[in-house]
Amino acid sequence: MANKRILKKDINYVLGDIIEAVYVWEYSNPGKNTEGSEKVIDEAIEVFDELIARVNDKNVDNKKAHFKAINKDLEVKGLELIEKINNLG
């Protein structure tokens, strides 16, 4: 991981794209119930808040391992959210 700024941008871009995908789904399916899609958006915002808080944590011994773990969690949680979007149908 190059630095904290790039990790924050990655978190913002990934979760922003996921939220945008939910809005596209809602726009493409106007007759469908949006309760499930709203939950996905709420969960994406919670993940964003959690990951940014972890990035800003100053009480870390091994920063490299800490940032790698955050990056891995971003990947895992991002894939989970994408799967939820795919199952909205």
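Coordinates for the structure precede this section.
The shown structure was predicted, so the numbers you read here are calculated from the model rather than taken from an experiment. Sequence order sets the numbering: in each chain, residues are counted from 1 along the sequence as written. Only residues with pLDDT of at least 70 are given local features in this predicted model, and only at 80 or more are side-chain atom pairs given and counted; all residues enter the totals for whole chains, interfaces and linings. Note that the side-chain values use all heavy atoms of the structure and ignore hydrogens as well as water.

### What to know about the overall build of the protein chain
Thinking step 1. The helix and strand tally for the protein chain stands at 3 helices and 0 strands.
Thinking step 2. Each residue's exposure class comes from its accessible area (1.4 Å probe, protein chains only) as a fraction of the maximum for that residue type: buried when under 20%, exposed when over 50%, partly exposed otherwise. Buried residues in the protein chain amount to 29% of all 89 residues.
Thinking step 3. Residue contacts are counted whenever heavy atoms from the two residues lie within 4.5 Å of one another. For the protein chain, restricting intrachain contacts to residue pairs at least 6 apart in sequence, the fraction spanning at least 24 positions comes to 68%.
Thinking step 4. Summed over its atoms, the accessible surface of the protein chain is roughly 6000 Å², and 51% of this surface lies on carbon and sulfur atoms.
Thinking step 5. His is not counted, nor are the chain ends; Lys and Arg add positive charge and Asp and Glu add negative charge. Note that the charge is assigned to NZ on lysines, CZ on arginines, CG on aspartates and CD on glutamates. Across the protein chain, the centroid of the 14 positively charged side chains sits 10 Å from that of the 17 negatively charged ones. We count a stretch as a helix when DSSP gives it H or I for four or more residues in a row; a strand needs E for two or more, and each element gets its number in order from the N terminus. Here the accessible surface of atoms and residues is derived via Shrake-Rupley with a 1.4 Å probe, and residues count as covered only by protein chains that are part of the display.

### Topic: the pattern of salt bridges
Thinking step 1. Salt bridges are defined by distance alone: a side-chain nitrogen of Lys or Arg within 4 Å of a carboxyl oxygen of Asp or Glu. Applying the stated criterion across every chain, the model contains 5 salt bridges.
Thinking step 2. Glu35 serves as the salt-bridge partner of Lys39, at 3.8 Å between the closest nitrogen and oxygen. With Lys39 and Glu35 both in helix H2 (residues 35-55), this residue pair falls 4 residues apart, about one helical turn.
Thinking step 3. In this structure, the salt-bridge partner of Lys77 is Glu50, at a minimum N-O distance of 2.8 Å. Residue Lys77 is found in helix H3 (residues 63-86), and its partner Glu50 is found in helix H2; the two are separated by 27 residues along the sequence.
Thinking step 4. Connected through salt bridges with shared partners, the residues Glu50, Arg54, Asp73 and Lys77 form a single ionic network.

### Brief notes about the environment of Val14
Thinking step 1. Within the element layout of this structure, Val14 appears in helix H1 (residues 4-28).
Thinking step 2. In sequence terms Val14 and Leu74 are 60 residues apart; their C-alpha atoms lie 8.2 Å from each other.

### Structural notes on H3
Thinking step 1. Expected span, for any helix, means 1.5 Å times one less than how many residues it has. For H3, which comprises 24 residues, the first-to-last C-alpha distance of 34 Å matches the rise-based estimate of 34 Å (1.5 Å per residue) to within 8%.
Thinking step 2. Buried within H3 we find His66, Phe67, Ile70, Leu74, Gly78, Leu81 and Ile85.
Thinking step 3. Where H3 is buried, its residues contact H1 and H2.

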